[in-house]
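Single-letter residue listing:
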Amino acid sequence: MSKTRPDVDPPDDLTVTPPKTYAAGVPGVAHAMEYSLAQAGPRRTLLTLLSLNQSEGIDCPGCAWPDPKHRHKNEYCENGAKHVTDEATTRRVTRELFAAHSVAELDTKSDMWLNQQGRLTEPMVKRPGGTHYEPIGWDEALGLVADELNALGSPDEAMFYTSGRLSNEAAFLLQLFARSYGTNNLPDCSNMCHESSGSGLGETLGVGKGSVSLDDIHEADLVFVVGQNPGTNHPRMLTALEETKRNGGRVIAVNPLPEAGLIRFKNPQKARGVVGRGTPIADVFLKIRPGGDLALFQMLNRLLLEAEDAAPGTVLDHAYIGAHTIGFEEFAAHTRTVTWEHVLEATGLTRAEIEGVHREVLAAQKVIVCWAMGLTQHRHGVPTIRELVSFLLLRGNLGRPGAGVCPVRGHSNVQGDRTMGIWERAPDSFLDALGREFSFEPPRHHGYDSVAGVRAMRDGKARVFVGVAGNFVRAMSDSDVTEAALRACSLTVQISTKLNRSHTVCGETALILPTLGRSDRDVQASGEQFVTVEDSMSEVHQSRGRLDPASPDLLSEVAIISRLARRTLGEGGAIPWEEFEADYASIRDRIARVVPGFDDFNARVAVPGGFRLPNPVNENRFPTPSGKAVFTCNDLDMIAPPPGHLVLQSLRSHDQWNTIPYAMNDRYRGIHDARRIVMVNPDDLAELGLADRDLVDIVSIWTDGSERRAEGFRVVAYPAARGSAASYYPETNVLVPLDSVAEVSNTPTSKGVIVRLEPALSR
Ligand code: SF4
């Protein structure tokens, strides 16, 4: 049975206030400023925020929501301000901190404490048998990594992880280095979040990305927001939805929790958002059971087929279906077998609610479906994406303005990193182009994704872990197994801006290599550099740091990767690493020759706002094997907890960025001064014989009969969907076994964990 770390957040300070019924507004501005000023002081805060998301400024390191064509001078949200000033902080981690705290001591600190120490300032090493990190020069550090890599029995014993913070330029170089070294082991954070979207969209449309633009959102008749909490995770999406509403469009929110941002938005840029009541967002809110979305879309599809039966030629877009799709007949026959009984049980919704949404669909000419992790982190995440694609195909809601698919990415360049080849299964077309450009033969066998990578480290098949950005050990499922896997490595290397758990859970030798952040000015031999990123809507644009770097001993990610490549592969090969480091434009020239859609990259990205990558789906071209979009038949997969159990989803608090809490609060949900809480519907609590604020352990049960325990959580009565529970990530990662993954995509099933709540064992 598994345990959580005992050190973090005793839940006894918990206070609970009513959940907020709107997002943003004046309080959002005040909270952003309070955090920003405490971190970065007035001057750095001003410098940073005034250039945040401006066309020649810093791209927000937060989510991947796109920037509008006409930017406001304050073009950011509360959380974006916190993310960038958290990086721009004036606090510093120096060698004295590492001398004062052993690695073991640092490992007892909370995630928040580690982050709050500030920016890393010089390379540090923990040597074999050592208890503390100590300073090391860049030359020795990079030599140490190169020697270890070159001593491995096979390049596949190393893995190169990235988070979505990496720029296009650094990502392109990282995959080039890994492949020229000899491995496709390129796991990334996408494996843990939107991999199901990429898989489902790739199978059905041939392109694993969203098809819509901001203009499409604005002009849609109907926008579904499914399994998503935009008020916290993509706050400027609310500005776009506000525009949808002002243009007469309607919004249907589908989620197990009634999140503030789905209810009402007070836009702080507008007078009505400051002094008025703001804009209601969801016209319809479906409080669905976790994992019920597949069943919902299946029934909506059945209802469309039946409406067509009743009024032939008036509901489905037969011309579109005939010209651009395959598989309709099989899909229709399969969909007609979907039963109300199963759908109502899987969704927890009423028939009237679903029929009401069906009428909304019939009334809309242009429909968009947006989604996030509430769909993708389920065992049937990929079938759910396939099913919603069929839903859109039925009425031709692709390839025209105001319609399409919109997976909303949670980290600023996670989509761009994949475009740049951070993919353990990159297609041959990409590898062919890469090999031609740099005169080498890239490895063709698939590498490890995040789950396979942990298995490989656990089993001794991978011994060197290089992480560029991110906090792998806290982001991954099965915390105990992941921690043991990292500790089993001979070398772990973390290229980071700030201290996190992945530095305290480390291999026999461990290196911390401090790097420039997005907000830092990046000057190389040819002068000041900018980098580029790709947002959720395939817009590619510049990001240029404005602040003096946190320390003179920092190197950029591009410089670290280039120097490591030279040390590992030797000087004088066909890849001009030194030139790449000196002038990032030379990297972009190569990207233009390797990656489709980046022709004339340097010139096009010099234009303010950059350019949008083409998506063939928008021209009704589908790069699937048949050349057509594909209707699919998906079996209903429902999460059926036994009596006395709930379906737990893990989620972020509002005052949190990925694995890092900025505060112990979850302001929109009214949770204060605690994170070890579990939100449960009051009626479920009554049935379970529990009361609000009871202290419980969360015990997850699995099909192999195993159980896992996360200890010491306070119950909070909350208006969640019946039969569901919600608690914070990463504290509950311990409940998800490594092998519990989504079909096809291998994404951990963090949104569908069957649990029971037991009186706490230990407190
Ligand atoms: S919406 Fe996302 S990208 Fe925009 S400022 Fe907020 S966190 Fe940053």
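Above this text is the structure in question.
Note that this is a predicted model, so its numbers are computed, not measured. (Residues numbered from 1 in each chain as written. Predicted model: local features only at pLDDT ≥ 70, side-chain atom pairs only at ≥ 80, totals over all residues. Heavy atoms only, no water.)

Participant: So what exactly am I meant to see when it comes to the overall build of the protein here?
Facilitator: Secondary structure assignment for the protein yields 31 helices and 33 strands. Over its C-alpha atoms the protein spans a radius of gyration of 25 Å, differing by no more than 12% from the 27 Å that the globule rule assigns to 763 residues. Dimensions along the principal axes, computed over C-alpha positions, put the protein at roughly 75 × 60 × 55 Å. Scored against the burial criterion, the 763 residues of the protein give a buried share of 66%. Here the protein displays about 25000 Å² of accessible surface, and carbon together with sulfur accounts for 52% of that area. In the protein, which carries 79 positive and 97 negative side-chain charges, the distance between the mean positions of the two groups comes to 4 Å. (Helix = DSSP H or I, 4+ residues; strand = E, 2+ residues; numbered from the N terminus. Rg over C-alpha atoms; globule rule 2.2 N^0.38 Å. Buried < 20%, exposed > 50% of the residue type's maximum accessible area, 1.4 Å probe, protein only. Areas by Shrake-Rupley, 256 points an atom, 1.4 Å probe, with all protein chains shown as cover. Lys, Arg positive; Asp, Glu negative; His and termini not counted. Charge placed at Lys NZ, Arg CZ, Asp CG, Glu CD.)

Participant: How should the packing of aromatic side chains be read in this particular structure?
Facilitator: When we look at a pair of aromatic rings, we describe it by the centre distance and by the angle of the planes. Tallied over the entire structure, the rule returns 20 aromatic pairs. Pairing F328 with F631 gives two aromatic rings, centres 5.5 Å apart and planes at 70°, and the pair type is edge-to-face. Highlighted residues: F328 in helix 16 (residues 328-335) and F631 in the loop between strand 24 (629-630) and strand 25 (646-651), separated in sequence by 303 residues. Neither F328 nor F631 differs from the other in exposure class; each is buried. Ring geometry for F598 versus F611: centroids 6.0 Å apart, planes at 85°, classification edge-to-face. Residue F598 is found in the loop between helix 29 (584-594) and helix 30 (601-606), and its partner F611 is found in strand 23 (residues 611-612); the two are separated by 13 residues along the sequence. Taken as a pair, F598 and F611 share a single burial class, namely buried. Pairwise contacts between aromatic rings join F172, F438, W577 and F580 into one cluster. Over the ring of W113 we find K109; its NZ or CZ atom is 4.8 Å from the centre of that ring. (Phe/Tyr/Trp six-rings, centres within 6.5 Å; stacked < 30°, edge-to-face > 60°. Lys NZ or Arg CZ within 6 Å of the ring centre and 35° of its normal.)

Participant: I keep staring at the packing of helix 1 (residues 25-51) against helix 2 (residues 78-87) and nothing clicks. Help me out?
Facilitator: Axis angle and axis distance: for two packed helices, these are the angle between their axes and the distance between the axes, and together they describe the pair. It is at 8 Å that the axes of helix 1 and helix 2 come closest, and there the two elements cross at 40°. Between helix 1 and helix 2, the angle falls in the class oblique. The interaxial crossing formed by helix 1 with helix 2 has left-handed handedness. Where helix 1 approaches helix 2, its residues G28, H31, A32, Y35, S36, Q39, A40, T45, T48 and L49 are matched on the opposing element by E78, A81, K82, V84, T85 and D86. For the contact of helix 1 with helix 2, a count of residues per class yields six nonpolar, seven polar and three charged. (Axes fitted to C-alpha atoms, helices over the stretch in contact; angles between N-to-C directions. Parallel < 35°, antiparallel > 145°, perpendicular 65-115°, else oblique. Left-handed = near helix turned anticlockwise from the far one by under 90°. Contact = heavy atoms within 4.5 Å. Nonpolar A, V, L, I, M, F, W, Y, C, P; charged D, E, K, R; others polar.)

Participant: Sorry, what's going on with the site of the ligand here?
Facilitator: Neighbouring the ligand are N53, C60, C63, Y76, C77, G80, H83, P235 and R236. Grouping the constituent residues of the shell around the ligand by class yields five nonpolar, three polar and one charged. (Near = heavy atom within 4 Å.)

Participant: Is there a simple way to explain the pairing of strand 33 (residues 753-759) in this structure?
Facilitator: Both faces of the sheet carry side chains from a regular strand, because those side chains alternate between them. Counting buried positions over the seven residues of strand 33 gives six, a clear majority of the element. Bridge count between strand 25 and strand 33: three bridges; the pairing is antiparallel. Each bridged residue has a counterpart across the sheet, and for L648 the counterpart in strand 33 is V753. Pairing geometry for strand 30 (residues 695-701) and strand 33, over five bridges, is antiparallel. Each bridged residue has a counterpart across the sheet, and for I698 the counterpart in strand 33 is L757. (Pairing = 2+ DSSP bridges.)

Participant: Looking at this structure, how should I read the packing of helix 8 (residues 195-205) against helix 20 (residues 381-394)?
Facilitator: Between helix 8 and helix 20, the shortest axis-to-axis distance is 8 Å and the interhelical angle comes to 45°. Relative to helix 20, helix 8 is oriented oblique. The interaxial crossing formed by helix 8 with helix 20 has right-handed handedness. Counted together, S196, S197, S199, G200, L201, E203, T204 and L205 of helix 8 and G381, V382, I385, R386, V389 and L393 of helix 20 form the full contact between these two elements.

Participant: What am I meant to see in the pattern of salt bridges here?
Facilitator: For side chains of opposite charge, pairing can occur when their charged atoms come near one another. Applying the stated criterion to the full structure yields 59 salt bridges. Across the pair E195 and R425 runs a salt bridge, and its minimum N-O distance is 3.6 Å. Of this pair, E195 sits in helix 8 while R425 sits in the loop between helix 21 (414-419) and helix 22 (428-438), placing them 230 residues apart in sequence. Taking relative accessible area as the criterion, R425 reaches 29% and is therefore assigned partly exposed. (Salt bridge = Lys/Arg side-chain N within 4 Å of Asp/Glu carboxyl O.)

Participant: Would you mind showing me how to read the sheet that holds strand 12 (residues 284-287) here?
Facilitator: Sheet strands associate in pairs through backbone hydrogen bonding, adopting either a parallel or an antiparallel arrangement. Here five strands make up an open sheet; going across it, the order is 12-9-8-14-15 and the pairing parallel. At either margin of the open sheet sits one strand with a lone partner, and together these are strand 12 and strand 15 (404-407). Averaged over all pairs of adjacent strands, the angle between strand axes in this sheet comes to 15°, irrespective of strand direction. Pairing between strand 14 (residues 367-371) and strand 15: four bridges, direction parallel. Directly across from W371, in strand 15, lies its bridge partner P407.

Participant: Please explain the sheet that holds strand 2 (residues 23-24) as it appears in this structure.
Facilitator: The strand order 2-10-11 describes an open sheet built from three strands, whose pairing is mixed. Two strands close off the open sheet at either side, each with one partner strand: strand 2 and strand 11 (279-280).

Participant: I tried to follow the environment of A24 on my own but got confused; where do I start?
Facilitator: Secondary-structure assignment places A24 in strand 2. Classification of A24 by relative accessible area gives buried; the value is 17%. Considering only alpha carbons, one finds A24 and A260, 236 residues apart in sequence, at a separation of 9.1 Å. With near-sequence residues (within four places) excluded, A24 lies in contact with F265, K266, P268 and Y668.

Participant: Got a minute to help me understand the nonpolar core in this structure?
Facilitator: A general tendency of soluble globular proteins is for nonpolar side chains to be buried together. Of all hydrophobic cores here, the largest spans 62 residues; its most connected members are F160, F172 and L511. If you tally residues by element for this core, the top one is helix 7 (residues 168-181), at nine residues. Beyond its immediate chain neighbours, meaning those up to four positions away, L511 contacts M124, V125, I136, A141, L144, V145, L491, T492, V493 and Q494. Core analysis: the second largest hydrophobic core is formed by 54 residues, I252, V367, L375 and L398 among them. (Core = buried A, V, L, I, M, F, W, Y, C linked by side-chain atoms within 4.5 Å.)

Participant: Please explain unusual backbone geometry as it appears in this structure.
Facilitator: Glycine aside, negative phi is the norm for most residues, and most peptide bonds take the trans geometry. A cis amide bond, omega 10°, links Y729 with the succeeding residue P730. Not every positive phi belongs to a glycine, and D478 is a case in point at roughly 50°. Classification of D478 as buried rests on a relative accessible area of 3%. The backbone of N746 shows a phi angle near 70°, a positive value even though the residue is not glycine. Here N746 is to be found in the loop between strand 32 (724-728) and strand 33.

Participant: Please clarify how helix 7 should be interpreted in this entry.
Facilitator: Residues lying three or four places apart along an α-helix face the same way, a consequence of the helix completing one turn every 3.6 residues. In this model, helix 7 (14 residues) spans 20 Å end to end at C-alpha, consistent with the 20 Å of a helix rising 1.5 Å per residue. Counting buried residues in helix 7 gives 13 out of 14 residues, a clear majority hidden from the surface. Just past helix 7, the residue G182 takes up positive phi, approximately 130°. (Expected span 1.5 Å × (residues − 1).)

Participant: What is the right way to read the pairing of strand 21 (residues 531-534) from this model?
Facilitator: With burial as the criterion, each face of strand 21 is covered, one bearing V531 and V533 and the other bearing T532 and E534. Sheet analysis places strand 21 next to strand 22 (residues 539-543), joined by four bridges and oriented antiparallel. Paired with E534 across the bridge in strand 22 is V540. Linking strand 21 to strand 22, which pair antiparallel, is a turn of four residues; within it S538 sits at a positive phi near 65°.

Participant: I'm lost on the side chain of E387 in this one. Help?
Facilitator: Mapped onto the fold, E387 is located in helix 20. No salt bridge is formed by the buried E387, whose closest oppositely charged neighbour, R386, lies at an N-O distance of 7.8 Å. At 2.9 Å, the side chain of E387 forms a polar contact with the side chain of N301. Within polar-contact distance, the side chain of E387 engages the side chain of N634 at 2.9 Å. Contacts of E387, omitting those with residues within four sequence positions, involve L294, F297, Q298, N301, F331, T335, T632 and N634. (Polar contact = N/O pair within 3.5 Å; in protein donor to acceptor, adjacent residues only side chain to side chain.)

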